[in-house]
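Residue strings, one per chain:
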Amino acid sequence: MQLLHDRVYEKIVEDIVRDRHFRMMKKVYHHRDSVYEHSLRVSYLSYKLAKKLNLDYISAARGGLLHDFFLYDWRKEGKLRRKKFFEKHGFTHAAISLRNAEKHFKLNDKERDIILKHMFPLNIAPPRTAESWLVMLVDKYVAARDYLV
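Residues numbered from 1 in each chain as written. Predicted model: local features only at pLDDT ≥ 70, side-chain atom pairs only at ≥ 80, totals over all residues. Heavy atoms only, no water.

Enquirer: Break down the packing of helix α1 (residues 7-17) against helix α3 (residues 35-52) for me, with residues and values.
Expert: One can describe the packing of α1 onto α3 by two numbers: an axis separation of 11 Å at closest approach and a directional angle of 145 degrees. Between α1 and α3 the crossing geometry is right-handed. Between α1, through Val 8, Tyr 9, Ile 12, Val 13 and Val 17, and α3, the contact on the second element is made entirely by Tyr 36, Leu 40, Ser 43, Tyr 44, Tyr 47 and Lys 51. Per-class residue counts for the contact of α1 with α3 are nine nonpolar, one polar and one charged. (Axes fitted to C-alpha atoms, helices over the stretch in contact; angles between N-to-C directions. Helix = DSSP H or I, 4+ residues; strand = E, 2+ residues; numbered from the N terminus. Left-handed = near helix turned anticlockwise from the far one by under 90°. Contact = heavy atoms within 4.5 Å. Nonpolar A, V, L, I, M, F, W, Y, C, P; charged D, E, K, R; others polar.)

Enquirer: Please set out unusual backbone geometry residue by residue, giving values where relevant.
Expert: Residue Pro 121 follows Phe 120 across a cis peptide bond; omega there is 10 degrees. Inspection of the secondary structure puts Pro 121 in the loop between α7 (109-117) and α8 (130-148). Non-glycine residue Asn 54 carries a positive phi angle of around 55 degrees. Assignment of secondary structure puts Asn 54 in the loop between α3 and α4 (57-66). Overall, Asn 54 belongs to the exposed group, its relative accessible area being 72%. (Buried < 20%, exposed > 50% of the residue type's maximum accessible area, 1.4 Å probe, protein only.)

Given below as structure tokens:
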């Protein structure tokens, strides 16, 4: 699977990246790249930082990979149907991603919190764990970098 030439990371996320539903995200675009590519960047950077900070790098890697597991093109979907402000993608996709992730993978509490809270402060409840804060901040950094590069 030669993802990022890091065998430890590859072993941690192997079941997710091989899943056909997760691979569907290669066809869904997010910022400038697919949701799949964006999620890999968030996951791997979160994993590396969590390791350096002596945090749960396994949960950071897996939660980071599944944080945007919403499986629809939010740009097209938003144009098809007018939504109320708090029904828009930015407010709802974390809960949708968590529901999808729970259907396909066994998650621990940290991974659930990472997925559900990654859109803080749009989602009002703040992250509960250091790993959730880390992935939330990494996601913001990667998204900004995606737009700027």
